[in-house]
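Letter by letter, the chains look like this.
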Amino acid sequence: MPTSHDVTSPAVVELIDVGKVYRNGELEVAALRGVSLRIDEKEFVAIVGPSGSGKSTLMHILGCLDVPTSGVFRIVGHDAQSLDEDVLARIRNMFIGFVFQQFNLLAHMTALQNVELPLVYAAIDPDERRARAVAALERVSLVDRAEHRPGELSGGQQQRVAVARALVTDPALILADEPTGNLDSVAAADVLVLLEELNADGRTLVLITHERDVATRAHRIIEMRDGQAVDSDHAVEVVRRGGRV
Amino acid sequence: MTWRDTLWTALDAVRSHRLRSSLTMLGILIGITAVVLTVGIGQGASATVRDQINELGTNLLVVSPGSSTNSTGVRTGFATATTLTQADATALTSKVAAPDVEAVSPVSTASAELVNPTTGANWTTTLTGTTPSWQTTRSRGAVQGRFLTATDERNAAAVVVLGPDTVTQLFPGVDPLGSSVTYNGVKLQVVGVLANLSSAEQAASNDLAVVPLSTYSQRLVGGASRNSVSSIYVKSTSAGTLSAAYQETNALLLNSHHVANAGTADFSVATQQSILAASNQVDNTLTVMLAGIAVISLLVGGIGVMNIMLVSVTERIREIGVRKAIGAAPSVIRRQFLVEASVLGLAGGLLGVGLGVLGAVLVPEFSDQRVILSIPASIGAIVIAVGIGVVFGVYPASRAARLAPIDALRSE
């Protein structure tokens with residue numbers, strides 16, 4: 001379902017009647033049933049909905065981690081179904097930064113090595129890699145923890161390392177899947193402020209959450225219900241026009 | 001991702017699972033050690049054979065009584081018949097009939113118990129009756145005293161030349177020259193001691209008692225077959241004339257034994273090399289068997305690598321998912337696991353060669369087996385080890401590469 005946006009500006013991601021069916025033996029589960037939406041540059045979009053509503057599936061499709069079973073998904077104008085795994089890997093590497101609920105840092109590596117990892121896959125030379133990773137850690141105020149392993153950091157610190165890893169390649173799109181779900185309120189607030197700053201820098205931010213007060217900070221809310229995207233309510237439109245609450 | 005980073009990541013993964021990595025390497029290590037030692041033992045054995053050829057001389061023929069096959073095709077016992085005589089040996093010394101023969105020495109042997117009458121020490125050794133030319137045919141003389149002379153032979157003198165080991169047994173710490181030993185009550189004066197043969201396989205040749213053939217047949221052993229000999233050593237004038245000497249010996253003996261058909265000859269002539277070639281073949285069979293065991297253990301080691309890599313893929317499924325989410329292409333993941341498997345192979349190979357070298361040093365300490373390390377074989381073994389890592393890493397690596405990023409991320 002198209003939104004009332006300026007259609008001349010380029011869409012970062014666009015879904016047209018996207019469906020996703022999981023097959024579990026004989027059982028078919030439709031996680032998405034005809035979702036159409038478009039997210040533009042510099043937007044801050046929250047995706048909300050109860051568990052099982054399909055919001056994680058939507059997130060995975062947006063992140064090129066999964067492919068739709070029907071419909072069209074375009075990322076910066078390219079039809080994702082027509083791209084092979086190598087190209088999708090490059091898009092994930094250069095264009096998208098992920099922040100997960102479980103942090104997903106590699107336990108045997110230091111914070112700095114974790115932040116460097118996307119640059120390793122981008123084949124950036126070691127000196128530049130290090131400099132950029134240090135800069136990213138500075139951005140999340142964790143440069144003094146660079147040599148610590150994830151196990152030696154608090155949950156909030158781990159998530160900030162994950163944010164540093166997401167921003168180190170300077171991606172246009174940040175996808176955050178329940179980034180505050182495992183954090184206490186202070187740490188959660190820190191991480192949200194960081195994500196909002198990244199959005200203020202001009203990056204598109206898509207945030208999945210089930211917490212209403214987190215969602216209301218977004219410009220726009222997409223509510224998932226039973227595999228379908230429901231138009232944002234009027235109150236949220238107000239929020240979108242007025243910026244942050 | 002650069003190769004350097006791939007290697008670094010693989011080393012990191014190997015390091016962070018120390019116990020598992022070392023158990024995996026163990027399989028490869030055992031296989032490679034087996035390969036290195038097998039090749040080393042094989043080469044040691046053939047070097048020993050080479051040394052024996054050099055020690056005995058390449059231009060030696062050995063005539064033995066009895067033939068390989070009789071006229072009805074029944075194999076008769078090699079060297080059991082008593083068809084060779086001293087007369088045959090004498091005939092072969094003819095410069096006319098056998099111009100390429102330099103020296104001929106008939107030999108008769110028997111097991112005999114010698115006694116040192118002074119101390120009462122006794123020792124069973126090989127009593128060898130032969131002529132002075134034995135020195136020439138066997139390229140071996142006395143280091144102490146003298147060897148047998150023509151006079152001894154003519155007079156059937158009661159003299160004996162002892163092997164160095166025999167001296168050790170009968171005259172421990174005493175100079176044997178001038179002393180005597182008795183055999184069956186016959187007193188034999190020790191006139192010389194033979195040179196020590198160095199190579200380990202020649203140890204038996206250091207324990208013997210050499211007496212004149214005439215003394216042997218007339219005074220010591222005798223019996224009905226007193227004129228027959230156990231074998232005749234024939235030395236050609238040079239290595240180049242060996243085959244001519246072979247022809248002459250064969251023709252002369254066929255003629256004097258009145259044998260028309262060479263297939264029914266009652267004697268056989270063998271070159272020293274053909275005898276050694278036979279023993280070489282036994283060594284080769286052994287080497288092939290050991291190599292077979294080595295190959296099997298390498299195969300088992302390779303399956304171990306595959307098994308562990310599969311476990312590793314399953315265990316690190318989430319890590320693979322994270323790596324894919326942040327931009328690792330399938331080919332990069334595949335390469336990472338392949339490099340990891342080859343690092344395991346390489347480490348196992350290096351350790352295996354190290355252990356093989358250690359074994360090569362230790363084996364000769366505890367047995368008389370010679371081991372010669374081969375550098376090309378060791379390098380080859382390391383290459384094989386890496387190859388095993390790669391070959392058996394292909395399947396786990398492609399499984400890791402094929403994982404959908406989302407399936408990998410979702411697993412707990």
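None of these values were measured; they are calculated from a predicted model.

**Q** Please clarify how the sheet that holds strand β7 (residues 173-177) of chain A should be interpreted in this entry.
**A** Strands belonging to one sheet form pairs held by backbone hydrogen bonds; the direction of such a pair is parallel or antiparallel. Residues and elements named next belong to chain A. Strand order in this open sheet of six strands is β6-β7-β8-β3-β9-β10, and the pairing throughout is mixed. At either end of the open sheet lies a strand with only one pairing partner, and these are β6 (96-99) and β10 (228-230). Each neighbouring strand pair of the sheet contributes to a mean axis angle of 20 degrees, computed without reference to strand direction. As defined by bridge partners, strand β3 (residues 44-48) adjoins strand β9 (residues 220-225) across four bridges and the pair is classed as parallel. Within β9, the residue paired with V45 across the bridge is R220.

**Q** Just to check I follow, could you spell out the sheet that holds strand β1 (residues 11-24) of chain A for this structure?
**A** Spatial strand order, β2-β1-β4-β5 (chain A): four strands in an open sheet with antiparallel pairing. Here the strands that pair on one side only, and so sit at the sheet edges, are β2 (27-40) and β5 (78-79) of chain A.

**Q** Just checking my understanding: could you explain unusual backbone geometry for this structure?
**A** Glycine aside, a negative phi is what most residues show, and trans is what most peptide bonds show. Residues and elements named next belong to chain A. Phi is positive for C64, close to 60 degrees, though the residue is something other than glycine. For C64, the position within the fold is in the loop between α1 (55-62) and β4 (70-75). With a phi close to 55 degrees, N104 is a non-glycine residue in the positive phi region. Here N104 is to be found in the loop between β6 and α3 (111-121).

**Q** Help me out: how do you make sense of the interface of chain A and chain B in this one?
**A** The figure often quoted for interface size is the accessible area lost as the parts come together. Between chain A and chain B, the contact holds 20 residues from the first and 19 residues from the second. At the level of secondary structure, the elements contributing two or more residues to the side of chain A that touches chain B comprise α2 (85-94) and α3 of chain A. No other element matches the six residues that α2(A) contributes to the side of chain A that touches chain B. Grouping the constituent residues of the side of chain A that touches chain B by class yields ten nonpolar, four polar and six charged.

**Q** What exactly am I supposed to notice about the packing of helix α5 (residues 155-167) of chain A against helix α6 (residues 185-200) of chain A here?
**A** Helix packing for two helices is described by the angle between their axes and how far apart those axes are. Residues and elements named next belong to chain A. Following both chains from N to C, one finds α5 and α6 inclined at 15 degrees, their axes separated by 9 Å at the closest point. Taken together, the axes of α5 and α6 lie roughly parallel to each other. The crossing of α5 and α6 is right-handed. Across the interface between the two elements, G155, G156, Q159, R160, V163 and L167 from α5 touch A187, D190, V191, L194, L195 and L198 from α6. A breakdown of the residues in the contact of α5 with α6 according to their chemical character gives seven nonpolar, three polar and two charged.

**Q** Quick question: what am I supposed to make of the nonpolar core here?
**A** Residues I47(A), V163(A) and A164(A) are the most contacted members of the largest nonpolar core, which totals 126 residues. Looking at this core element by element, the count peaks at twelve residues for helix α2 (residues 18-56) of chain B. Those residues in contact with V163(A), other than ones at most four positions away along the chain, are V99(A), V140(A), V191(A), L194(A) and L195(A). Core analysis: the next-biggest nonpolar cluster, separate from the first, contains 26 residues, V167(B), L188(B), V190(B) and Y216(B) among them.

**Q** What's the story with α2(A) in this structure? I'm lost.
**A** It helps to recall that an α-helix has 3.6 residues per turn; residues three or four apart then point in one direction. Those residues of α2(A) lying buried are L88(A), A89(A), I91(A), R92(A) and N93(A). Those residues of α2(A) that are buried lie in contact with β4, β6 and α3 of chain A together with α10 (317-325) of chain B.

**Q** Is there a simple way to explain the environment of L208(B) in this structure?
**A** Residues and elements named next belong to chain B. Within the secondary structure, L208 is located in strand β8 (residues 208-212). Residue L208 is classed as partly exposed on the basis of its 19 C-beta neighbours within 10 Å. Along the chain, L208 and L127 lie 81 residues apart, while their C-alpha atoms are 6.1 Å from each other. Setting aside its immediate chain neighbours within four residues, L208 contacts T125, T126, T128, G163 and T166.

**Q** Whenever I open this one, helix α12 (residues 375-402) of chain B confuses me. Can you help?
**A** Taking 1.5 Å of rise per residue, the 28 residues of α12(B) would be expected to cover 40 Å, and the 40 Å separating its terminal C-alpha atoms lies within 8% of that figure. Residue V394(B) marks the point of greatest curvature in α12(B), where the axis turns by about 45 degrees; the proline P396(B) follows within four residues.

Rules used in this analysis
Residues numbered from 1 in each chain as written. Chains lettered and ligands numbered in written order. Predicted model: local features only at pLDDT ≥ 70, side-chain atom pairs only at ≥ 80, totals over all residues. Pairing = 2+ DSSP bridges. Helix = DSSP H or I, 4+ residues; strand = E, 2+ residues; numbered from the N terminus. Axes fitted to C-alpha atoms, helices over the stretch in contact; angles between N-to-C directions. Contact = placed C-beta atoms within 7 Å. Nonpolar A, V, L, I, M, F, W, Y, C, P; charged D, E, K, R; others polar. Parallel < 35°, antiparallel > 145°, perpendicular 65-115°, else oblique. Left-handed = near helix turned anticlockwise from the far one by under 90°. Core = buried A, V, L, I, M, F, W, Y, C linked by C-beta atoms within 7 Å. Buried ≥ 20, exposed ≤ 12 C-beta atoms within 10 Å, placed from the backbone. Expected span 1.5 Å × (residues − 1). Bend = angle between axes of the 7 residues up to and from the residue.

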